[in-house]
Amino acid sequence: MTAPLIDPFQRAISYLRVSVTDRCDFRCVYCMSENMTFLPKKELLTLEELDRMCSTFVRMGVEKLRITGGEPLVRKGIMTFFNAMTRHLDSGDLKELTLTTNGSQLERFADDLYAAGVRRVNISLDTLDEKKFADITRWGRLPQVIRGIDAAQRAGLRVKINTVALKGFNENELFALVDWCKSRDMDLTFIEVMPMGDIGNEDRLDQYWKLSDLRKDLAQRYTLTELSERTGGPARYVRLEETGQKIGFITPLTHNFCESCNRVRLTCTGELYLCLGQEDMADLRAPLRNNPGDDAPLEAAIRQAITLKPEGHDFDYSRQTVDGRVSRHMSHTGG
Ligand code: SAM
Ligand code: SF4
């Protein structure tokens, strides 16, 4: 192991999110345009390069890896990569290997993921209505995702549902989603829609359902107890006293959670983003590709990159404009 990664604000970087592809089998309206152009294959890190990159981060103190995308499970051969990461779990250097997925391929992969050492998955799902699901994902089919969730639970994976809160879309499903997660023993986290990428004429402001409003709605039926639990990430949690459920809120726009941020994000082309809401990034692919067999230049580039980590992001809807917008798509940095 080498010296841990500490950023200029004394935050230890122990969590790496890795986008393994920019491709997806869905086209969620808040994430992608209908006609996305995807990267040519040679731009992507190969599975071997992803292994080398992640292994270097683990050596430098990263204890949690979250695999994301695009849709991570549509990356060809992705189980080879998951299986390669198992050795870091076995050694104890890596404490958790996990993924965020739209669930469409879980029926196929859930058992293999469990065998590779994955114990928890985040599955994104915004509605329980088949028609609305088809509308919001453009290409997705709800029954396939439900089968994926069934398979994940059967395999022994703990499931958390991530729901983007969308005004005029899933406001009326708040209690249905809460009840459904309770009935299946799944955690639930709501996410505020963020101003990412140029995705056509969908208007972020029109879709913006403030989570403080969502909380008030929840409080009409349940007693909410604030939990002190922090994961170093943006989520804040409450317990619904009547059911014992834990509900998360990711509120980049109404709360500043940056002071305890422990994470950085690697894109599928090897760019390291230091903050989801800022443009600061460093290219790690060149030091990796130009030095086969020697990780020292890559380690130096990672250390240098961490010195660029900004104090926080600047998303702001408060002046009724989408300030602090970043131009890249969420599928580029993986959310
Ligand atoms: N395809 C996988 C999935 O959907 O779970 C992983 C990648 S996806 C980019 C990661 C997360 O980002 C999903 O939960 C998705 O809902 C969320 N997301 C995408 N665009 C967003 C936006 N504009 N605002 C807030 N969340 C967004
Ligand atoms: Fe694909 Fe996930 Fe983006 Fe939806 S949110 S288009 S499933 S990457």
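Note that this is a predicted model, so its numbers are computed, not measured. Positions within a chain are numbered from 1, following the residues in the order the chain's sequence is written. Written order determines the labels here, with chains lettered from A and ligands numbered from 1. The predicted origin of the model limits local features to residues at a pLDDT of at least 70 and limits the giving and counting of side-chain atom pairs to 80 or more, whereas totals for whole chains, interfaces and linings rest on all residues. Each side-chain value is derived from all of the structure's non-hydrogen atoms; neither hydrogens nor water enter the calculation.

Q: Before we go on, may I ask you to explain the site of ligand 1 in this structure?
A: Close contacts around ligand 1 come from 17 residues, with Tyr30, Gly70, Thr101, Ser124 and Met194 the closest. A distance of 3.1 Å is found between a nitrogen atom of ligand 1 and a backbone nitrogen or oxygen belonging to glycine 70. In protein, a polar contact requires one atom able to donate a hydrogen and another able to accept it; more generally it is a pair of N or O atoms within 3.5 Å, and residues adjacent in sequence count only if both atoms are side-chain atoms. Serine 124 places a side-chain nitrogen or oxygen 2.5 Å from an oxygen atom of ligand 1. In short, Shrake-Rupley with a 1.4 Å probe defines the accessible areas, and a residue's cover is counted only from the protein chains shown. For ligand 1, the protein covers 94% of the area, taking 550 Å² as the surface of the free molecule. Residue assignment for the shell around ligand 1 shows that the elements contributing at least two residues are strand S3 (96-101) and strand S6 (187-192). Throughout, the ten residues Ala, Val, Leu, Ile, Met, Phe, Trp, Tyr, Cys and Pro are labelled nonpolar, Asp, Glu, Lys and Arg are labelled charged, and all others, Gly among them, are labelled polar. Broken down by class, the residue content of the shell around ligand 1 amounts to 7 nonpolar, 8 polar and 2 charged. Think of it this way: one heavy atom of a residue within 4 Å of a molecule or strand is enough to make that residue near it. Under the scheme used here, helices are H or I runs from DSSP no shorter than 4 residues and strands are E runs no shorter than 2 residues, and both carry numbers assigned from the N terminus.

Q: Which parts of the structure should I look at to understand the pattern of salt bridges?
A: Any two side chains of opposite charge can pair, so long as their charged atoms come close to each other. Each reported salt bridge corresponds to a side-chain nitrogen of Lys or Arg within 4 Å of a carboxyl oxygen of Asp or Glu. Evaluated as defined, the whole model comprises 20 salt bridges. Residue aspartate 213 is joined to lysine 216 by a salt bridge in which the shortest nitrogen-to-oxygen separation is 3.8 Å. Highlighted residues: aspartate 213 and lysine 216, both in helix H8 (residues 211-221), separated by 3 residues, approximately one helical turn. Residues arginine 215 and glutamate 226 are paired through a salt bridge, measuring 2.8 Å at the closest nitrogen-oxygen approach. Highlighted residues: arginine 215 in helix H8 and glutamate 226 in strand S7 (residues 224-227), separated in sequence by 11 residues. Take arginine 215: its relative accessible area is 25%, and that puts it in the partly exposed class. For glutamate 226, a relative accessible area of 47% translates into the label partly exposed. The network of salt bridges with common partners includes Arg52, Arg59, Asp295 and Glu299. Residue exposure (1.4 Å probe, protein chains only): buried if accessible area is under 20% of the type maximum, exposed if over 50%, otherwise partly exposed.

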